[in-house]
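Chain residues, written in single-letter form:
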Amino acid sequence: MKRSRVLAVLVGGVFIVAVMSLNRMLELMQGAGLKQRGETPAGQDLSHLQQKIDRLEHLLSDNNRLVATLRDSLLQRKAPWETGPKDGANGVQHANDLLDVYDLLPFDNPDGGAWKQGFEIRYQGNEWDEQPLELFLVPHSHNDPGWLKTFDSYYQDQTKHILNNMLIKLSEDSRRKMIWAEISFFSKWWNDIDDQKREIVKRLLRAGQLELVTGGWVMADEANSHYFALLDQLIEGHQWIQRHLGVKPSSGWAVDPFGHSPSMTYLLKGAGLRDMVIQRVHYAVKKHFAKQQTLEFLWRQSWDSSSRSDITCHMMPFYSYDVPHTCGPNPAICCQFDFHRLPGGRVSCPWRIPPQPITEQNVQERALLLLDQYRQKSRLFHSPVLLVSLGDDFRFVESSEWDAQFSNYQKLFDYFDQHPELHVKARFGTLSDYFKALRRRLTAAGTTLPTLRGDFFTYSDRDDHYWSGYFTSRPFYKRLDRTLEATLRATEILFSLTTAEMRRYRGDGHLVADFPAHQHFQRLTTGRRSLALFQHHDGVTGTARDPVVVDYGTRLFHSILNLRQVLQSSAHWLLLLDKSQYHYDQSKPFLKMVTPDPITSFKMILCSLFLSLIIFNPTEQLRTSVISIVVDSPDARVVDAQTGQPMTAQISAVWEEPTLASAEDFQVKNELGLSQPYFEMQKLRLQSGLVRQVQVQFLWYGTTRNRDKSGAYLFLPGEEGAQLYSSSEPPLVRVSRGPVFSDITSCFRHFTHRVRLYHLEGHAGKSLEISNMVDIRSEVNRELAMRIVSNVASGNRFYSDLNSFQMQQRRTLAKLPLQAHFYPMTSASFLQDETSRVSLLSAQSQAVASLRPGELEVILDRRLQQDDNLGLGQGITDNKLTASLYQLLLEDRRGGAQVRGPNTPSVKCDRSIGCDQICDRYETT
């Protein structure tokens, strides 16, 4: 917007200067002419005047070209964002940043008529006389790899029948087409079919009748997933496609993730995709984009000033991706053209007007009724090319549905072809067909799509129903997801190093004979695919039914165990000094693998007098860390394996109960330099001496008393808002002090809260570690939150990360309800003012908000007894004892700050829940 205003001022300024210059030149020429009239012959006067006029015309032409160039630049930036129709009486104009859109929109949600969340669409009827409407009907079947049923159950009951029928029905007519997205299902089906059917698949792909879209293992969630996992599922799918089919996806299809992230578009663009389709966007944003005719745009990264990250994006304008909400604005009419709902079937239209089979007697009336919807929808886009999807969840299972949909639509298309006066060309198509036609029309018209920056969170499908609950739902499994990610990454590194070292050792490019490379690679592949499957938008989101969640969790856990076998075997080879002595025996492993607990400490019993401990740092960063192990004696010592010199260590109790320490087990923690030097995340006392106050609070959220209540997807808090956590009994408080760390643990009924300060140099010593062990299994319709309160003057803005890939500014707006202000936090969020920044780094994905200046609030766990009427059919009551882990940092935003010492945090606690002893530590440092 600022650039547009600057250009407008610049154009105006150039125009004024040009006019003034031309006036001045005319005055000078007139004056010169008057002076010369008495001194030169008339012929010479005319010749001289003609030369002046020629020069003036030349200058005027140059000025016109300059003004035209600037004007075109301005219009190119304004159109279509600012040259489209105004947004009602408010006269709101579009911006190229979604944050500005949110500032402009009233979020008032008036009744739009047939299109409830939109507006009445009008057209004259002659808009397509010169450029006929070109329509692509794209058949699809959205197959969830786990939701109401498990992945395997869905495949056996529905998916394999869909794909089997696809081979038959597409082969019957070359005009028929279909797209498919979920490679997890497609690869499983491929393994079940014979070579003849595989050749048919390849033929359909070559003919363009079948298109694999996105190419990911799943249609991934874009809120909770770490970019590593998003890449994993994308690579797994693309490699499978390339290896078995030899094709490369070019278009993305994301119609069901509950909000959309630019991180995903960046990964898709890097994978070779040019275009994409999205669906679940806030209904008010959709309406605004539709009025501005900007539902198609170039989605650009917020941090990229160039166009290299741009991807062409098509946003579906209506409520859903099902047939009633895709042909046009009136679902009651569109439902009549979902021929799977013909009378006598198992599915009907909620509007009680059923579809009719297309016959010679009704084809005209039916075609014109459908064309009216197509035309209305077309008026929401700049181009006369129109995309309409035909499908829904698990559609085309039965052969009869294929026949009903394709045969009836083909009769309608034939009628359009036979009546050129209608100016419409309709046919079945794929996403590639559509975007190819779109580019052709845009190029012919000499226009480009507008550019947009930002993300599409938090999603709302109607009223105050914001889908911010799933950012936290099932936090135990969200944490398990990150554990598998870390284990998989470490295993891939060690396995790659081992195989490379084996080939170097042998010198002939082969591996050692008894090294189980094939079995290990299968374990790696299974681990990748288990992680990839869980990125499904009903997996990591925590929005599947209980048995499905158990199935996901079992896959994740077994993959972690199998990957540890690969880690043990790979490390065995790398650590063995005499490689000729290598022998693989799974029953007698060379190394014992220990299991990290939820707070990343190692549980390990040392029964012998001497035991070597090997630590592997799989990150690409140099770091110093604290390692914790469990021993059976308080007299244990830690020495450096190379020098034999004692290392700084701290013996701590292992607590079996809040007040009961184990008499057999003890924790040994010591500082381990995994590498030096390392990057520091400075946490400094400000040069002015200012100390930021930080308080930790815990809160309860209830749910609304209305009919619709919080569930797996929705966060619908009660009118009372957050209530401070209170306990009838004071907490049990434990304090630990030592050379490695000092901490305070506060034990409440529903959670155990620990704040720890490490006495280390570098990042670990300049931040507070906060951990919570949460158990709300006794509660009914409650959500537990942790609030960080500081005196940072952050105003109404804060930042949260998107997929651990980039940071996104957030704004708290009074016109939006409380639940709208919670956003996904994959690993980080922060507040800042002119002098300092407070950052909260998270080991798990959760919902985060900043409801007041200086505050950060995260939802720790949710226990909800009812369904939120979005299809799941149950609440979320399978809560588990769940750990959450954070680092709290204070950073100076001004230069010249001085460090008082490695253990001098710029944090001062208020006397709040369990903070007294930690405050003493801060104030006396």
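Each chain has its residues counted from 1, running along the sequence as written. This being a predicted model, a pLDDT of at least 70 is required before a residue's local features are given, and a value of 80 or more before pairs of side-chain atoms are given or counted; all residues contribute to the totals for chains, interfaces and linings. With hydrogens and water stripped out, all remaining heavy atoms of the structure feed into the side-chain values.

The name given to the protein in an unreviewed UniProt entry is Alpha-mannosidase, with the source organism recorded as Dicentrarchus labrax. In its Pathway (unreviewed entry) section, the UniProt entry covering the protein states "Protein modification; protein glycosylation." UniProt positions are given in the numbering used here, feature names are shortened, and annotations may be inferred rather than shown by experiment. In the Sequence similarities (unreviewed entry) part of its UniProt record, the protein is described as follows: "Belongs to the glycosyl hydrolase 38 family."

Peer 1: Could you give an account of the overall build of the protein, with specific residues and numbers?
Peer 2: Scanning the protein from terminus to terminus reveals 17 helices and 33 strands. Buried residues in the protein amount to 56% of all 925 residues. By the convention used here, residues are in contact when the closest approach between their heavy atoms is within 4.5 Å. Of all intrachain contacts in the protein linking residues separated by at least 6 positions in sequence, the fraction that spans at least 24 positions is 73%. Accessible surface for the protein amounts to roughly 40,300 Å². Of this, 51% is attributable to carbon and sulfur atoms. The helix and strand labels rest on DSSP assignments: H or I over at least four residues marks a helix, E over at least two residues marks a strand, and numbering proceeds from the N terminus. The cut-offs for exposure are 20% and 50% of the maximum accessible area for each residue type, with area from a 1.4 Å probe on protein chains only; residues under the lower value are buried, those over the upper are exposed, and the others partly exposed. Surface accessibility follows the Shrake-Rupley procedure with a 1.4 Å probe radius. Residue values consider only the protein chains on display as shielding.

Peer 1: Pulling in residues and values, what's your account of the nonpolar core?
Peer 2: The set of buried Ala, Val, Leu, Ile, Met, Phe, Trp, Tyr and Cys residues whose side-chain atoms join them within 4.5 Å is what this entry labels a nonpolar core. Of all hydrophobic cores here, the largest spans 182 residues; its most connected members are Phe-186, Val-201, Phe-289, Tyr-374, Tyr-409, Phe-416 and Phe-456. The next biggest cluster of nonpolar side chains, apart from the first, holds 20 residues, and it includes Trp-253, Leu-431, Tyr-434 and Leu-442.

Peer 1: For the sheet that holds strand 6 (residues 296-300), give the residues involved together with the corresponding values.
Peer 2: At least two DSSP bridges between two strands are needed for those strands to be called paired. Spatially, the five strands line up as an open sheet ordered 4-5-7-6-10, and their pairing is mixed. Pairing within the sheet leaves two strands with one partner each, and these edge strands are strand 4 (251-254) and strand 10 (451-453). Going from strand to strand, the sheet's axes swing by 35 degrees on average, the running direction of each strand aside. One ladder, built from three bridges, connects strand 6 with strand 10; its direction is parallel. Across the sheet, residue Leu-298 finds its bridge partner in strand 10, namely Thr-451. Between N-to-C directions, angles cover 0 to 180 degrees, with each direction set by a line fitted to C-alpha atoms, over the stretch in contact for helices. Here helix 8 (residues 262-270) sits on the sheet and contacts strand 5 (275-278), strand 6 and strand 7 (311-315); the angle it forms with strand 7, its principal contact strand, is near 130 degrees.

Peer 1: A description of the pattern of salt bridges should follow, citing residues and the corresponding values.
Peer 2: For side chains bearing opposite charge, pairing can occur when the charged atoms are close. We define a salt bridge as a side-chain nitrogen of Lys or Arg found within 4 Å of a carboxyl oxygen belonging to Asp or Glu. Applying the stated criterion across every chain, the model contains 47 salt bridges. One salt bridge in this structure joins Glu-172 and Arg-176, with 3.4 Å as the shortest N-O distance. The class for Glu-172 is partly exposed, based on a relative accessible area of 48%. Judged by its relative accessible area of 10%, Arg-176 falls in the buried class. A salt bridge links Arg-395 to Glu-401; the shortest N-O distance between them is 3.1 Å. You'll find Arg-395 and Glu-401 in the same group, each marked buried. Look at the salt bridges and you will find they share partners, linking Glu-134, Arg-427, Arg-440 and Arg-441 into a network.

Peer 1: Pulling in residues and values, what's your account of the state of the cysteines?
Peer 2: Only a pair of cysteine sulfur atoms within 2.5 Å qualifies as a disulfide here. Per the counting criterion, the structure on display carries two disulfides. Disulfide partner of Cys-327: Cys-334, at an S-S distance of 2.0 Å. Looking along the S-S bond of the Cys-327-Cys-334 disulfide, the torsion reads about -90 degrees, which is the left-handed sense. No difference in accessibility class separates Cys-327 from Cys-334, as the two residues are buried. Numbered in order of appearance, the disulfide-bonded cysteines of the protein are paired 1-2, 3-4.

Peer 1: Describe unusual backbone geometry, and please don't skip the residues or the numbers.
Peer 2: The step from Phe-457 to Thr-458 runs through a cis peptide bond, and the omega angle for that step is 0 degrees. With respect to the element layout, Thr-458 can be found in the loop between strand 10 and strand 11 (460-462). One non-glycine residue, Asn-109, lies in the positive phi region at around 55 degrees. In this fold, Asn-109 is placed in the loop between helix 3 (98-104) and strand 1 (133-142). Owing to a relative accessible area of 27%, Asn-109 belongs among the partly exposed residues under this scheme. One non-glycine residue, Asn-869, lies in positive phi territory at about 60 degrees.

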